[in-house]
Every structure is written in structure tokens, then in C-alpha cells.
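Here is what each chain is made of, one letter per residue.
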Amino acid sequence: MVKLNRTTEYGLMALSYIRGKDAGALTSAREIAQHFDLPFEILAKTLQRLKEEGLIASPYGTRGGYVLSKDLKTMNLLEFLRFME
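Cut-offs used in this document
- Residues numbered from 1 in each chain as written.
- Predicted model: local features only at pLDDT ≥ 70, side-chain atom pairs only at ≥ 80, totals over all residues.
- Heavy atoms only, no water.
- Helix = DSSP H or I, 4+ residues; strand = E, 2+ residues; numbered from the N terminus.
- Rg over C-alpha atoms; globule rule 2.2 N^0.38 Å.
- Buried < 20%, exposed > 50% of the residue type's maximum accessible area, 1.4 Å probe, protein only.
- Polar contact = N/O pair within 3.5 Å; in protein donor to acceptor, adjacent residues only side chain to side chain.
- Core = buried A, V, L, I, M, F, W, Y, C linked by side-chain atoms within 4.5 Å.

Along the backbone of the chain there are four helices and two strands. Secondary structure elements in the chain, listed N-terminal to C-terminal, are α-α-α-β-β-α. Against the 2.2 N^0.38 benchmark of 12 Å for 85 residues, the chain shows a C-alpha radius of gyration of 12 Å, consistent with a compact globule. For the chain, the C-alpha atoms occupy an extent of roughly 35 × 30 × 20 Å along the three principal directions.

Before going further, it helps to spend a moment on helix H4 (residues 77–84). When we look at burial in H4, the residues that qualify are Phe80, Leu81, Phe83 and Met84. Measuring from the backbone nitrogen of Leu78 back to the side-chain oxygen at the start of H4 gives 3.1 Å, which picks out Asn76 as the cap.

Below, the discussion takes up the nonpolar core. Grouped together as the largest cluster of nonpolar side chains are 20 residues, with contacts concentrated most on Leu43, Leu47, Leu50 and Phe80. Where this core is concerned, the elements lending two or more residues are helix H1 (6–19), helix H2 (29–36), helix H3 (40–52) and H4. A per-element tally of this core places H1 first, with five residues.

The backbone of Asp37 sits at a positive phi, close to 55°, despite the residue not being glycine. Looking at where Asp37 falls in the secondary structure, it is placed in the loop between H2 and H3.

Now the structure itself:
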């Protein structure tokens, strides 16, 4: 059984949520946190990490929100776990 840390779980949840939106639609950290009832501060740091890794982008800065910047089909779970853990 694989035990994921909290930020890895939040990262997967956030990516899943963003992926479910219309292409190009911005999603805020607060929107994701409220949807999953997650602590905003931890989620915001997790989203910054995903942004640094190039999985998501924040085209309008902190007030804009996030969109996918990489096709998730081209990434495998092991690759994701390596930079999240």
C-alpha cells in the first residue's frame, strides 16, 4: 500500500479539479480549497510547487488563477511522486 503525504494528495486533487474545467478556464486556489474543504495555505503552497514544475500556469499572477500547462497524459504517476515527495 502506498501512503501519500498531504501535499501530494492535495496536488492530485487540484490537478483533477483543474483538468475537469473547460480548456483555458482559470481556477483559483480558494475555489479548489472550498470545493474539497482543504486548508487554503497548504493548497496554495502545493499549487506553487506544481507551477514551478511546469504542470500548471498562473497567467494573471496571484489574482488570476491556474490552468494546466502540460498534458497530464504525457506524465506518469512515478514522475509526479518524485517531485512532490
